[in-house]
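# Descriptive structure summary
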Amino acid sequence: MQLRGYVAIRYNRIAINFHSPVDAIKMEQGNEKLDVIIFGASGFTGKYTIFEGIKLLDGLRWGVAGRNRDKVRQVLGEVEKKADRDLSEIPIVVADIKDPESLRQMAERCRVVINCCGPYRFYGEPVIKACIAAGTHHVDVSGEPQYMERMQLEYHQAALERGVYIVSACGFDSIPADLGTVYTESEFDGVVNSIETYLTLSSNVPFAGGAVLHYGTWESAIYGLAHANELRQLRTDLFKTRLPHFQPRLKDRPVVHKVANPAGWWAVPFPGSDRSVVMRSQRHFYDTDKKRPIQMKAYVAFQSLLHVFGVAFVAIVFSIMCRFKFGRQLLLKFPKLFSLGFSSHEGPTEQTMENAEFAIYFSAEGWDKEEKLLEPNDQYKSPPTKRILTKVSGTNPGYGATCVALVLSATTILKESDKMPGSGGVFPPGAAYAKTSLIEQLCKNGFKFEVLKRSK
């Protein structure tokens, strides 16, 4: 009989079922605590996180969790075949978002929860509450600014008091952008005034149609845009004082403009969470390190104007429909239709993911270190005198690079918490990992951070 909240652990292919959570805890008291649990393991992102975890969690004690034991076992079997690895001894923890007690037990069983269960607007907060109560760290791949900023507003102090790190946006949204900004500044050797980022996506093979996004990502985008008006009040509550107006002010580019890097491509403003995440990190550096914050604007680039107009058409329709309940219902019910086939319940195929590539170009300008001012809010009287162009790139951004970055974010907390800010709290990844070796670890696992050009 399957009961919510119980724990099922597999040893040597033998399933041990406990009749209650209490029985499970009693049986487990003599066992070593797990280092990591991947929650939401039977979902699309969870499945690929398990796959990447086989390598990246080697040497650590880790388990998987979900609300349905049979589905989690099925996913483990699929990953087992793909990776050609025996996963029969990976512990399975049954935990349900609707059952706080089961979440508490899951959090108490490990040092870090990797949360793959989204949309986080609906399912993220209960897991964070359970982790803080249990004194367990938490990382996720949310790209939802409202969720991330509300969690920082409501739980930062509690996490700090418990010595717990809560870090969101640990996937493609927005590790490359946030840590790319950190990397660019470290290579600048001076004071960075502004950074403009240009995201490009491409494939090694001709695009043959089919989805490039899983339904969960599509759903998160719908609700994120529908509730974008919440951000103004959230930010007023989160940041009691405004940042000084630094000069020269980084102005918005024309809605459609041609860019130098990549040469000849056309760019439009990027509607994702990158800018909000980067600016939260910059605010942290200003508040805690008294460092001049970097101004940042994010764009996405396409090879032709035809691509731009196609994406713009979908974006306009999407934006209008997100404003109304009936429109949102249509978008959720018919993702293939309204995304022109780019999103589906099945998600992208293995071939599509394996051949996908991404690059983000960081165009930064500022002043030499000899020109550094005494106070972070002092203003320069001369225009920027120095420039640098950097790039962060990798493959399979949605579900390969994302899962690698997510798992490494968790292991970095385990290994380098002494290099993270304070003794805990809710942070974006740039603020959390700026002084750790996460960039170096990413470079060893499929990412590339590089300087393309320096100039004065």
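Note: the structure precedes this text.
Quick summary incoming for the structure in this document. All of these numbers come straight from a predicted model, not from anything done at the bench. (Residues numbered from 1 in each chain as written. Predicted model: local features only at pLDDT ≥ 70, side-chain atom pairs only at ≥ 80, totals over all residues. Heavy atoms only, no water.)

Per the secondary structure count, the protein chain includes 17 helices and 18 strands. Relative to the 2.2 N^0.38 estimate, which gives 23 Å for 456 residues, the radius of gyration of the protein chain is 22 Å and therefore close to what a compact globule would have. A principal-axis box enclosing the C-alpha atoms of the protein chain has dimensions of 70 × 50 × 40 Å. Taking all 456 residues of the protein chain together, the buried fraction comes to 53%. If you take every contact in the protein chain between residues at least 6 apart in sequence, the share linking residues at least 24 apart comes to 80%. Of the accessible surface of the protein chain, which amounts to about 21300 Å², a share of 53% is contributed by carbon and sulfur atoms. Placing the 57 positive and 49 negative side-chain charges of the protein chain at their respective mean positions leaves the two points 4 Å apart. (Helix = DSSP H or I, 4+ residues; strand = E, 2+ residues; numbered from the N terminus. Rg over C-alpha atoms; globule rule 2.2 N^0.38 Å. Buried < 20%, exposed > 50% of the residue type's maximum accessible area, 1.4 Å probe, protein only. Contact = heavy atoms within 4.5 Å. Areas by Shrake-Rupley, 256 points an atom, 1.4 Å probe, with all protein chains shown as cover. Lys, Arg positive; Asp, Glu negative; His and termini not counted. Charge placed at Lys NZ, Arg CZ, Asp CG, Glu CD.)

Where helix H2 (residues 44-56) contacts helix H3 (residues 69-83), the two axes come as close as 10 Å, and the packing angle between them is 45°. Taken together, the axis directions place H2 and H3 in an arrangement best described as oblique. Crossing hand, H2 versus H3: right-handed. Here Lys-47, Tyr-48, Ile-50, Phe-51 and Ile-54 of H2 lie close against H3, whose contacting residues are Val-75, Leu-76, Glu-78, Val-79, Lys-82 and Ala-83. Looking at the contact of H2 with H3 residue by residue, the classes come out as 8 nonpolar, no polar and 3 charged. (Axes fitted to C-alpha atoms, helices over the stretch in contact; angles between N-to-C directions. Parallel < 35°, antiparallel > 145°, perpendicular 65-115°, else oblique. Left-handed = near helix turned anticlockwise from the far one by under 90°. Nonpolar A, V, L, I, M, F, W, Y, C, P; charged D, E, K, R; others polar.)

So, about the layout of surface pockets. Taken as a whole, the second largest pocket encloses approximately 400 Å³ of empty space. Around the second largest pocket, the lining comprises 20 residues; the ones closest to its centre are Glu-196, Arg-253, Ala-260, Asn-261 and Ser-363. When contributions to the lining of the second largest pocket are tallied by element, the ones reaching two or more residues are strand S9 (190-203), strand S11 (257-258), strand S15 (356-368), strand S16 (386-395) and strand S18 (448-455). Of the residues assigned to the lining of the second largest pocket, the class counts are 9 nonpolar, 5 polar and 6 charged. (1 Å grid on protein atoms, 1.4 Å probe; cavity = no way out; pocket = protein on both sides within 12 Å on 5 of 7 lines; lining within 4 Å. Points joined across faces, edges and corners; volume = space filled by probe spheres on them.)

With that out of the way, let us pick up helix H6 (residues 145-162). The end-to-end C-alpha separation of H6 is 24 Å, in line with the 26 Å expected for 18 residues at 1.5 Å each. For H6, the principal kink sits at Tyr-155 and spans about 60°. For H6, the complete set of buried residues consists of Pro-145, Gln-146, Tyr-147, Met-148, Glu-149, Met-151, Gln-152, Tyr-155 and Ala-159. Positive backbone phi, at 70°, marks Gly-163, one or two positions downstream of H6. (Expected span 1.5 Å × (residues − 1). Bend = angle between axes of the 7 residues up to and from the residue.)

This paragraph deals with the nonpolar core. Within soluble globular proteins, side chains that are nonpolar generally end up buried alongside one another. In terms of nonpolar packing, the biggest core is built from 83 residues, with Val-64, Val-139 and Tyr-433 touching the most fellow members. Per-element accounting of this core gives the leading share, 9 residues, to helix H15 (residues 397-416). Those residues within four positions of Tyr-433 in sequence are excluded, and the remaining contacts are Val-139, Val-167, Cys-170, Leu-179, Ser-409, Thr-412, Ile-413, Met-420 and Leu-438. Core analysis: the second largest hydrophobic core is formed by 17 residues, Ala-65, Ile-97, Leu-103 and Val-113 among them. (Core = buried A, V, L, I, M, F, W, Y, C linked by side-chain atoms within 4.5 Å.)

The next subject is empty space enclosed by the protein. Taken as a whole and judged by the stated rule, the model has 1 cavity of 30 Å³ or more. Here the largest cavity defines a volume of roughly 30 Å³. Lining the largest cavity, in full, are Arg-121, Glu-144, Gln-146, Tyr-147, Ser-220, Tyr-223 and Gly-224. Secondary-structure elements contributing two or more residues to the lining of the largest cavity are H6 and helix H8 (215-226). When residues of the lining of the largest cavity are assigned to their parent elements, the largest contribution, 3 residues, is made by H8. A per-class count over the lining of the largest cavity returns 2 nonpolar, 3 polar and 2 charged.

Our focus in this paragraph is the sheet that holds strand S12 (residues 266-269). Ordered in space as S11-S12-S13-S9-S15-S16-S18, the 7 strands form an open sheet in which the pairing is mixed. Of all strands in the sheet, those with a lone pairing partner are S11 and S18, marking the two edges. Summarising the sheet, S16 and S18 pair through 7 bridges and their orientation is antiparallel. In the sheet register, Ile-388 faces S18, and the bridge partner there is Arg-454. On the sheet, helix H7 (residues 175-188) packs against S9, S15, S16 and S18 and is oriented at approximately 40° with respect to S15. Contacts from H15 reach S9, S15 and S16 within the one sheet, and its direction differs from that of S15 by about 60°. (Pairing = 2+ DSSP bridges.)

This part takes up the packing of aromatic side chains. Tallied over the entire structure, the rule returns 12 aromatic pairs. Between Phe-44 and Tyr-48, the aromatic rings sit 5.3 Å apart at their centres with planes inclined by 55°, giving tilted as the arrangement. Taken as a pair, Phe-44 and Tyr-48 lie in helix H2 at a separation of 4 residues, close to a single helical turn. In terms of burial, Phe-44 and Tyr-48 fall into one category: buried. Taken together, Phe-44, Tyr-48 and Tyr-399 form an aromatic cluster joined through their ring pairs. Positioned above the aromatic ring of Phe-51, the side-chain terminus of Lys-82 is 4.3 Å from the ring centre. (Phe/Tyr/Trp six-rings, centres within 6.5 Å; stacked < 30°, edge-to-face > 60°. Lys NZ or Arg CZ within 6 Å of the ring centre and 35° of its normal.)

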